[in-house]
Amino acid sequence: AVVSTQSTGALRGIPKWFIIQACRGKSFNTEVLIDHDAKGDDNDIEQQSSKPISIPACADFYISYATAPGYYSFRNTKDGSWFIQCLLEVIQQYARYEDINTMMTRVNRKVALGFHHNFAGEYVKQMPYHVNMLTGSLQLHTKTRL
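Analysis parameters
- Residues numbered from 1 in each chain as written.
- Predicted model: local features only at pLDDT ≥ 70, side-chain atom pairs only at ≥ 80, totals over all residues.
- Heavy atoms only, no water.
- Pairing = 2+ DSSP bridges.
- Helix = DSSP H or I, 4+ residues; strand = E, 2+ residues; numbered from the N terminus.
- Axes fitted to C-alpha atoms, helices over the stretch in contact; angles between N-to-C directions.
- Contact = heavy atoms within 4.5 Å.
- Parallel < 35°, antiparallel > 145°, perpendicular 65-115°, else oblique.
- Left-handed = near helix turned anticlockwise from the far one by under 90°.
- Nonpolar A, V, L, I, M, F, W, Y, C, P; charged D, E, K, R; others polar.

*Asks:* Help me out: how do you make sense of the sheet that holds strand E3 (residues 61–65) in this one?
*Replies:* By definition, the strands of a sheet pair up through backbone hydrogen bonds, in either a parallel or an antiparallel sense. Read across the sheet, three strands follow the order E1-E3-E8 without closing on themselves; strand pairing throughout is mixed. Because the sheet does not close on itself, it has two edges, and the strands there are strand E1 (16–20) and strand E8 (129–132). Strand-to-strand, the axes of this sheet are offset by a mean angle of 10°, without reference to chain direction. Taken together, the five bridges between E1 and E3 define a ladder with parallel strand orientation. Within E3, the residue paired with Lys16 across the bridge is Phe61. Helix-sheet contacts for helix H1 (residues 82–94) involve E1, E3 and E8, and the interaxial angle to E1 is about 140°.

Structure follows, in structure tokens:
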């Protein structure tokens, strides 16, 4: 079944986040050595309008996959999947302060740099993959514990 803003009725205009922990192919994502950490552009540009707006039917979805298309997703038999381990750690530590994109970049980095598997003498890695169709920032708010 296809999920769209039209099919979700009361959830129109409300962000929806799907988390998918599964392999997406049969290829191994081999390691690549890098010399330094590349930085992205932190500029945020917003445009305001007083006109009525409409959004595409596929808007306001954020989909997090454990791995990129075509690749295996790994798990530790004791601790569980690499992706879910990192996702939970990042949400617990940063949900009060950061939006979903920033947190998922942290998850990407933790999975990419923190785990590897030796398969037939070659180290293989995993890289989470996210599809962002949000029209605004998605912030998770945690309840304060008493």
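*Asks:* I tried to follow the packing of H1 against helix H2 (residues 100–114) on my own but got confused; where do I start?
*Replies:* When two helices pack together, their arrangement is given by the angle between the helix axes and the distance between those axes. Viewed as axis vectors pointing N to C, H1 and H2 meet at an angle of 135°, and their least axial separation amounts to 9 Å. Between H1 and H2, the crossing angle belongs to the class labelled oblique. When the axes of H1 and H2 are compared, the crossing they make is right-handed. Contacts from Trp82, Phe83, Cys86, Leu87, Glu89, Val90, Ile91 and Tyr94 in H1 reach Met103, Met104, Arg106, Val107, Lys110 and Val111 in H2. Its residues assigned to classes, the contact of H1 with H2 comprises 11 nonpolar, no polar and three charged.

*Asks:* Which parts of the structure should I look at to understand the pairing of strand E7 (residues 122–125)?
*Replies:* Walk down a regular strand and you will see the side chains alternate between the two sheet faces. Two elements, strand E6 (residues 117–119) and E7, share three bridges in a ladder whose sense is antiparallel. Counted as the bridge partner of Asn118 is Tyr123 from E7. Connecting the antiparallel pair E6 and E7 is a turn made up of two residues, with Ala120 showing a positive phi of about 55°.

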